[in-house]
Amino acid sequence: MKVINIAAYHFTHIADPDAIAERLHSRAVEAGLRGTVLVAPEGLNIFLAGAQEGIDAFLSPLRDDPRFAGMPVKTSRSHDQPFARLKVKVKPEIIAWRRADGAPLDHPRAPTVAPVDLARWIECGVDDDGRPLVLLDTRNREEVAYGSFRDALTLPIDNFTDLVAALAPHREALAGATVVSFCTGGIRCEKAALTLRADGMDNVLQLDGGILGYFEQVGGAGYEGRCFVFDERVALDPSLQPLVDGDPLQPAA
């Protein structure tokens, strides 16, 4: 598979989002990349695809910038380019949440669980302290339809901003459990975990790197189905193989 797909986000103060967006757009064009880059005062959200040399040329100067040097990048491959065009946009947030209590730059990061540890907890059904484990899916119902962790708590939401209200009826039942929030790449579960902890749920953690990071590090242990992605591949299986690769009517082999 010749096309490299990257997914990355990083929360960091950006005082000049318009200038950064212009610079990243130019670099992506020069590198022959397509996809989406969102720039906000709170950081970056990147989904890009292209040849390996183009990806390297785009990422290298980012890694030289102290603001983005620590940005983790998740990688997968496809036969064909899954994006029709390049879009670089400036937004108020890299994922809309609109809650001050979930702003990562204004609060210490919520505790995380690494994929290898979560896989062990799933196998045991409890965390390392023996507390029951509940996996909280912070994605919308369309995404959940393609797959989720086995027995995860999924909510009938269409928008991420509806999550807190949809979770309210379950709060009492979750009080004695360790709740691990998860999403595609980590942004939503990071913001959700902050808000829920600020609202008294100090038993909420976040899956570091989201589902894609989990697939990349440990495969599909405890996961059923695929992970929806926001491009023409539609969804990835636990080995990071696309559901669609090329002809949108033909699943990948």
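Residues numbered from 1 in each chain as written. Predicted model: local features only at pLDDT ≥ 70, side-chain atom pairs only at ≥ 80, totals over all residues. Heavy atoms only, no water.

(A) Here's a closer look at the overall build of the protein. A tally of helices and strands in the protein yields 8 helices and 13 strands. For 253 residues, the compact-globule formula gives about 18 Å, and the C-alpha radius of gyration of the protein, at 18 Å, lands near that figure. Referenced to the eigenvectors of the C-alpha coordinate spread, the extents of the protein come out at roughly 55 × 45 × 30 Å. Residues counted as buried form 52% of the 253 residues belonging to the protein. Within the protein, residue pairs in contact and separated by at least 24 positions form 71% of the contacts whose partners lie at least 6 positions apart. Roughly 11,600 Å² of accessible area belongs to the protein as shown, and the carbon and sulfur atoms make up 50% of that amount. (Helix = DSSP H or I, 4+ residues; strand = E, 2+ residues; numbered from the N terminus. Rg over C-alpha atoms; globule rule 2.2 N^0.38 Å. Buried < 20%, exposed > 50% of the residue type's maximum accessible area, 1.4 Å probe, protein only. Contact = heavy atoms within 4.5 Å. Areas by Shrake-Rupley, 256 points an atom, 1.4 Å probe, with all protein chains shown as cover.)

(B) Focus on the pairing of strand S10 (residues 204–207). Neither face of S10 is open: one carries Val204 and Gln206, the other Leu205 and Leu207, and all of them are buried. Pairing between strand S9 (residues 178–182) and S10: 3 bridges, direction parallel. Across the sheet, the residue bridging to Ser181 is Gln206, located in S10. (Pairing = 2+ DSSP bridges.)

(C) How the structure looks around the UniProt feature "domain: Rhodanese" (unreviewed entry) in the protein. When the UniProt feature table is mapped onto this chain, "domain: Rhodanese" (unreviewed entry) is found at residues 129–223. From the first C-alpha to the last, residues 129–223 spans 23 Å; its make-up is 36% helix and 19% strand. (UniProt positions renumbered as here; feature names shortened; annotations may be inferred.)

(D) Examining the sheet that holds strand S4 (residues 73–78) more closely. Strand order in the open sheet made by the 5 strands is S4-S1-S3-S2-S5, with mixed pairing throughout. Each edge of the open sheet carries a strand with a single partner, namely S4 and strand S5 (86–90). Sheet twist, expressed as the mean angle between neighbouring strand axes with direction ignored, is 10°. The pairing of strand S2 (residues 34–40) with strand S3 (residues 43–50) spans 7 bridges and is antiparallel. Among the inter-strand pairings, Ala40 is bridged to a residue of S3, identified as Gly43. Those strands touched by helix H1 (residues 17–30) are S2, S3 and S5, and its axis lies near 170° from that of S5. Strands in contact with helix H7 (residues 187–198) are strand S1 (3–11) and S3; relative to S1, the strand with the most contacts, it is inclined by about 20°. (Axes fitted to C-alpha atoms, helices over the stretch in contact; angles between N-to-C directions.)

(E) A look at helix H8 (residues 210–218). Within the span of H8, buried status applies to Gly210, Ile211, Leu212, Gly213, Tyr214 and Phe215. Immediately beyond the C-terminal end of H8, within one or two residues, lies Gly219, with a positive phi of roughly 85°.

(F) Layout of the confidence of the model for the protein. In the predicted model, the protein carries a mean pLDDT of 96, and 97% of its residues have values of at least 70. Taken as a whole, residues 248–253 scores under 50 in pLDDT and shows 8 contacts with residues more than four places along the chain or in a different chain. (pLDDT = per-residue confidence, 0-100.)

(G) Local environment of the pattern of salt bridges. According to the stated counting rule, one finds 14 salt bridges in the structure shown. Between Lys191 and Glu93 there is a salt bridge; the shortest N-O distance is 2.7 Å. With Lys191 in helix H7 and Glu93 in the loop between S5 and strand S6 (112–113), this pair connects stretches of sequence that are 98 residues apart. Relative accessible area serves as the criterion here: at 19%, Glu93 is assigned to the buried category. Residue Arg120 is joined to Asp128 by a salt bridge in which the shortest nitrogen-to-oxygen separation is 2.8 Å. (Salt bridge = Lys/Arg side-chain N within 4 Å of Asp/Glu carboxyl O.)

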